[in-house]
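# Descriptive analysis of the structure
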Amino acid sequence: MGKLFGTDGIRGVVGENLTAELAFRVGQAVSVVLEEEKGSRPLILIGKDTRISSDMLESALMAGICSVGGDVMPVGTIPTPAVAYLTVQQHADAGIVVSASHNPYEHNGIKVFSSQGYKLSDDVELRIEEKILSTDPIPFRTHGELGRRHHGMRQLKREYIDFVASTIEQDLAGLRILVDCANGAASATAPELFGRFKAHTDFMYKDPDGININSHCGSTHLASLADAVVRGGYDIGVAFDGDADRCLLVDEQGKVIDGDKVMAVCAADMKHSGKLNGNTIVATVMSNLGLHEFCRNNGIELVCTNVGDRNVLEEMLRHDFRIGGEQSGHTIFTELETTGDGEVTALQFLQVLAKSEKKASELVVCCPEYPQVLINVEVPHSGGVKEAIMASQSLKDAVTREEDALHGAGRVLVRASGTEALIRVMVEAKTTEIAQEVADRLVDFVKSMT
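Residues numbered from 1 in each chain as written. Predicted model: local features only at pLDDT ≥ 70, side-chain atom pairs only at ≥ 80, totals over all residues. Heavy atoms only, no water.

## Details of unusual backbone geometry
To be explicit about the condition: Secondary structure elements follow DSSP: runs of H or I no shorter than four residues count as helices, runs of E no shorter than two count as strands, and numbering proceeds from the N terminus. Exposed residues in this analysis have more than 50% of their type's maximum accessible area, buried residues have under 20%, and partly exposed residues fall in between, with area computed by a 1.4 Å probe over protein chains only.
Unlike most non-glycine residues, His216 shows phi in positive territory, near 55°. Looking at where His216 falls in the secondary structure, it is placed in the loop between β7 (200–204) and α7 (223–232). Overall, the relative accessible area of 61% leaves His216 in the exposed class. In this structure, Glu357 takes a positive phi of about 60° despite not being glycine.

The structure is reproduced here in structure tokens:
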């Protein structure tokens, strides 16, 4: 991992460590490196979420790109996976997303996709980072060598919606669906997308004002959606995060359907139709022990990677597996797209639900859920505190003691967030009480080290 690019691009608090000046420099560096690769003027597609800072960062990126001779194609407010998809469809040399996904509005980020719609290779990312951090000025172009802005925003958004709608064959008739757009990028696409189907669909949190993205809504705050689903008698609730690359659901009883259950339901359907290449699901070490049990019971292999959809995708591409993802709601269908897409995920699950003629709670019972406690411990942003804690032998010894005390009937995972100043403590056990006790002890231990 570089000094700027973390596990999911460049992230920061806007006006503090993520500024318009930095975005301008990023635009320049991306354009220059792409021109070196291509040997001619690059075309870069840009999309953004609904944060108040996204317009500013988008403008700075565009100015940086054009100042060194690159062309830019803004597609406006649109989900992150749409940028990956449209980059390929428009034969662009890269796609840039201005978003901080599920984080609060004051955060933002810059993520770059390659011309193939995948995250940049480590080599290209390093070259871009070196140019951004270099003290040498990046030469400006003049006269006719300046870059241009390309148009077609509405048409491209419609093309993306057409594509997502085409990923299922069911018309979803008979379903009553409630969709939470998180006041984010899905607000720009989900109403039209779900309007293509015969299901009765209502929406909530689809009126972004720049600062309400992810605020007590979306896939990281499911309580209000769950309550509304039960009160309104809906068959299912769908929740996206700020940039709509992840999707979680709630059943008709208001219970959460997480990424593990989504993968289980969809993988079982894919296996039945002969589409489960390698007879395998790719998940991460964060996936619940219940997913492991589901796979054992259904004769499906489960491969677990380190946390991060990038790690999941790399494993899937290495072996041509077709479904993988994270418990948090990133689900990847490689037969359809190059990255996780919340709206595609929702439709895949809804299609299985419609075909099954079951209630959502009945559909997901195939994947049990072991009691799990996850606690985020805040640590200082600077000074390498997070890294020092994770490298500590005393923390490793504490984790080992707690795991041994579970006698194989649970597990412990302590990891640093790749995008925030947090250390995540996750414990699974036979009961919630046991998991909570173990987690609390480890949280106290981590806090004592800050």
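Let us keep going from here.
## Some remarks on the pairing of strand β3 (residues 71–77)
As a general feature of sheets, a regular strand has side chains that alternate between the two faces. Here is the rule: Strand pairing is defined by DSSP finding a minimum of two bridges between the two strands. Looking down the strands as they point away from you, a crossover is right-handed if its path from the first strand over the helix to the second goes clockwise.
Most of β3 sits out of view: 6 of its 7 residues are buried. With 6 bridges connecting them, strand β2 (residues 43–48) and β3 associate as parallel partners. Looking at β3, one finds that Lys48 is bridged to Thr77. You can see the chain leave β2, run along helix α2 (residues 54–67) and come back into β3, and the turn it takes is right-handed.

## Brief notes about the packing of aromatic side chains
Selection rule: Stacked, edge-to-face and tilted are the three classes for Phe, Tyr and Trp ring pairs, Trp counted by its six-membered ring, which pair at centre distances within 6.5 Å; planes under 30 degrees apart are stacked, over 60 edge-to-face, the rest tilted. A ring has a charge above it when a Lys NZ or an Arg CZ is no more than 6 Å from the ring centre and no more than 35 degrees off the ring normal.
Within the structure shown, the criterion is met by 4 aromatic pairs. Ring centres 6.3 Å apart and planes at 40° place the aromatic pair Phe24 and Phe140 in the tilted group. Residue Phe24 is found in helix α1 (residues 20–38), and its partner Phe140 is found in the loop between α4 (122–133) and α5 (153–165); the two are separated by 116 residues along the sequence. On the basis of relative accessible area, Phe24 is assigned to the partly exposed category, the value being 24%. Pairwise contacts between aromatic rings join Tyr85, Tyr160 and Phe163 into one cluster. The positively charged end of Arg176 is found above the aromatic ring belonging to Tyr234, 4.5 Å away from the centroid.

## Looking at the packing of α5 against helix α11 (residues 342–356)
For any two helices packed against each other, one specifies the crossing angle of their axes together with the interaxial distance. Note the following rule: An axis is simply a line fitted to the C-alpha atoms; with a helix, the fit covers only the stretch in contact. Between two such axes, the angle follows the N-to-C directions and lies from 0 to 180 degrees. To sort the angles, those under 35 degrees are grouped as roughly parallel, those over 145 as roughly antiparallel, those from 65 to 115 as roughly perpendicular, and the leftovers as oblique. Definitions for this section: a left-handed crossing has its near helix turned counterclockwise from the far helix by less than a right angle. A right-handed crossing has that turn clockwise. When checking whether two residues touch, look at their non-hydrogen atoms; a contact exists if any pair is within 4.5 Å. Amino acids are sorted into nonpolar (Ala, Val, Leu, Ile, Met, Phe, Trp, Tyr, Cys and Pro), charged (Asp, Glu, Lys and Arg) and polar (every other residue, Gly among them).
At a minimum axis distance of 9 Å, the contact between α5 and α11 shows a crossing angle of 25°. Here α5 is positioned roughly parallel relative to α11, judged by the angle of their axes. For α5 against α11, the interelement crossing comes out right-handed. On α11, the residues that touch Tyr160, Phe163, Val164 and Ala165 of α5 are Glu343, Val344 and Leu347. Across the contact of α5 with α11, the residue classes tally to 6 nonpolar, no polar and 1 charged.

## Thoughts on the state of the cysteines
Definition in use: Note on terminology: pairs of cysteine sulfur atoms within 2.5 Å are recorded as disulfides.
Here the structure, examined in full by the defined rule, presents 0 disulfides. The thiol sulfur of Cys304 is not disulfide-bonded, and the nearest other cysteine sulfur, from Cys295, lies at 8.4 Å. Judged by relative accessible area, Cys304 falls into the partly exposed class, the value being 32%.

## Notes on the packing of helix α3 (residues 80–89) against α5
As a packed pair, α3 and α5 sit with axes 10 Å apart at the nearest point and diverge in direction by 100°. The orientation of α3 with respect to α5, classified from their angle, is roughly perpendicular. Contacts from Pro81, Ala82, Tyr85 and Leu86 in α3 reach Leu156, Glu159, Tyr160 and Phe163 in α5.

## Section: the nonpolar core
Soluble globular proteins: nonpolar side chains tend toward being buried together. Here is the rule we go by: We define a nonpolar core as any set of buried Ala, Val, Leu, Ile, Met, Phe, Trp, Tyr and Cys residues linked to one another through side-chain atoms lying within 4.5 Å.
In terms of nonpolar packing, the biggest core is built from 66 residues, with Phe240 and Leu350 touching the most fellow members. For this core, the element with the highest residue contribution is α11, accounting for 8 residues. Counting 28 residues, the second largest nonpolar core, distinct from the first, contains Leu22, Ala23, Ile65 and Ala94.

## Topic: the sheet that holds strand β13 (residues 323–325)
The strands making up a sheet associate through backbone hydrogen bonding, with each pair oriented either parallel or antiparallel. In space, the 4 strands of this open sheet follow the order β12-β11-β13-β14, with mixed pairing throughout. Strands at the two margins of the open sheet, each flanked by one partner only, are β12 (301–305) and β14 (331–333). Here the strands of the sheet are splayed against their neighbours by 20° on average, with no regard to which way each runs. Those strands touched by helix α8 (residues 259–272) are β11 (280–284), β13 and β14, and its axis lies near 175° from that of β13. Contacts from helix α9 (residues 289–297) reach β11 and β12, with the element oriented near 150° to β12.

## Observations concerning the sheet that holds strand β15 (residues 372–378)
Read from one edge to the other, the open sheet built from 3 strands follows the order β15-β17-β16, with strand pairing classed as antiparallel. Each of the sheet's edge strands pairs with one partner strand only, and the pair in question is β15 and β16 (411–416). Here the average twist between neighbouring strands, direction ignored, is 15°. As paired strands, β15 and strand β17 (residues 422–428) are joined by 7 bridges and run antiparallel to one another. Bridge pairing links Val377 to Ile423 in β17. Lying over the sheet, helix α14 (residues 393–406) contacts β16 and β17, oriented at roughly 160° with respect to β16. Together, β15, β16 and β17 form the strand contacts of helix α15 (residues 432–448), whose direction differs from that of β15 by roughly 15°.

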